[in-house]
Amino acid sequence: MKISHTPFDTIFYSIEETIKAYRKLSLKEIKNAISDITVDQALILQMINDKQLTQTEIADLIFKDYASMTRIIGLMVKKNYLIKTTNENDRRASVLKTSPKGELALKQLIPIINQNRETALNNLTIEDINNLKHILNKINQNCKK
C-alpha cells in the first residue's frame, strides 16, 4: 500500500477534519439553545446523568487530561450545572451529580445531540456506519500494539 507523505492526503487528516466539522456543528446548535455550555460540558452532563462516574473515568472517556477535567468540572459547578460533594466513604474522592439546572439543560440538549448525530450521518447506511466503525477499530488496535 502506498502511504501519502502529504498530511492533507492522509486518512488521519480526514478523520480530524470530520471531527472538527462535527464539533463545530454541535457547538453551533448547542449554543443556540444554551449559550453558556460547550460540547464537552454537554457530554459530561450526559455521562454523569446516565452513570455515576468519577472525574477520572470521565476524563479518560472524553480524552481529556485530569487538570483540564478538573477545570471543566469546576466551571460546571460554578455555573450550577453540577453538584460536587465529598464521597462519604473516601474523603479524597468527589461525587458528581447533575443539578436541577443541569437536568433542565439535558432535557433541551438530548434532542439537539440526537439531531446533530442524524445530520452528520445523513445518507449513510447502517452498513456504511458498521464498516467505518470496523475500520476505525482496526486503526485503533494497530496503534495500541
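This is a predicted model, so every value here is computed, not measured.

The next point concerns the layout of surface pockets. Reported here for the largest pocket is a volume of approximately 1,400 Å³. Considering the residues around the largest pocket, the lining is formed by 30 residues, among which Ile15, Thr18, Ile19, Tyr22 and Leu136 are closest to the centre. Elements with a contribution of two residues or more to the lining of the largest pocket: helix H1 (11–33), helix H2 (39–50), helix H5 (100–120) and helix H6 (126–143). Considering every element that reaches the lining of the largest pocket, the biggest residue donor is H1, with nine residues. Considering only residue class, the lining of the largest pocket consists of 20 nonpolar, six polar and four charged.

Using the criterion set out here, one finds four salt bridges in the structure. In this structure, glutamate 16 and lysine 20 form a salt bridge, with 3.3 Å as the shortest nitrogen-oxygen distance. Taken together, the residues glutamate 16 and lysine 20, both in helix H1 and four residues apart, mark about one turn of the helix. The class for glutamate 16 is partly exposed, based on a relative accessible area of 39%. Each of Arg23, Asp40 and Lys64 takes part in one network of salt bridges that share partners.

Our focus in this paragraph is the packing of H2 against H5. Where H2 contacts H5, the two axes come as close as 10 Å, and the packing angle between them is 110°. Here H2 lies roughly perpendicular to H5, going by the angle between them. The two elements H2 and H5 cross, and the hand of that crossing is left-handed. Between H2 and H5, the contacting residues are Ala42, Leu45, Gln46 and Asn49 on the first element and Gly102, Glu103, Ala105, Leu106, Leu109, Ile110, Ile113 and Arg117 on the second. Taken together, the residues of the contact of H2 with H5 sort by class into seven nonpolar, three polar and two charged.

What follows covers the nonpolar core. Of all hydrophobic cores here, the largest spans 25 residues; its most connected members are Ile44, Leu45, Ile58 and Leu109. Setting aside residues up to four positions removed in sequence, isoleucine 58 forms contacts with Ile44, Met47, Ile48, Leu53, Met69 and Leu96.

Right, let's get into the packing of aromatic side chains. For the coordinates displayed, the defined rule picks out one aromatic pair. Considering the side-chain rings of phenylalanine 8 and tyrosine 13, the 5.1 Å spacing of their centres and the 85° angle between planes classify their relative orientation as edge-to-face. Given the relative accessible area of 57%, phenylalanine 8 is considered exposed. In this arrangement the basic side chain of lysine 101 is found over the ring face of tyrosine 81, its NZ or CZ atom lying 4.6 Å from the centre.

Cut-offs used in this document
Residues numbered from 1 in each chain as written. Predicted model: local features only at pLDDT ≥ 70, side-chain atom pairs only at ≥ 80, totals over all residues. Heavy atoms only, no water. 1 Å grid on protein atoms, 1.4 Å probe; cavity = no way out; pocket = protein on both sides within 12 Å on 5 of 7 lines; lining within 4 Å. Points joined across faces, edges and corners; volume = space filled by probe spheres on them. Helix = DSSP H or I, 4+ residues; strand = E, 2+ residues; numbered from the N terminus. Nonpolar A, V, L, I, M, F, W, Y, C, P; charged D, E, K, R; others polar. Salt bridge = Lys/Arg side-chain N within 4 Å of Asp/Glu carboxyl O. Buried < 20%, exposed > 50% of the residue type's maximum accessible area, 1.4 Å probe, protein only. Axes fitted to C-alpha atoms, helices over the stretch in contact; angles between N-to-C directions. Parallel < 35°, antiparallel > 145°, perpendicular 65-115°, else oblique. Left-handed = near helix turned anticlockwise from the far one by under 90°. Contact = heavy atoms within 4.5 Å. Core = buried A, V, L, I, M, F, W, Y, C linked by side-chain atoms within 4.5 Å. Phe/Tyr/Trp six-rings, centres within 6.5 Å; stacked < 30°, edge-to-face > 60°. Lys NZ or Arg CZ within 6 Å of the ring centre and 35° of its normal.

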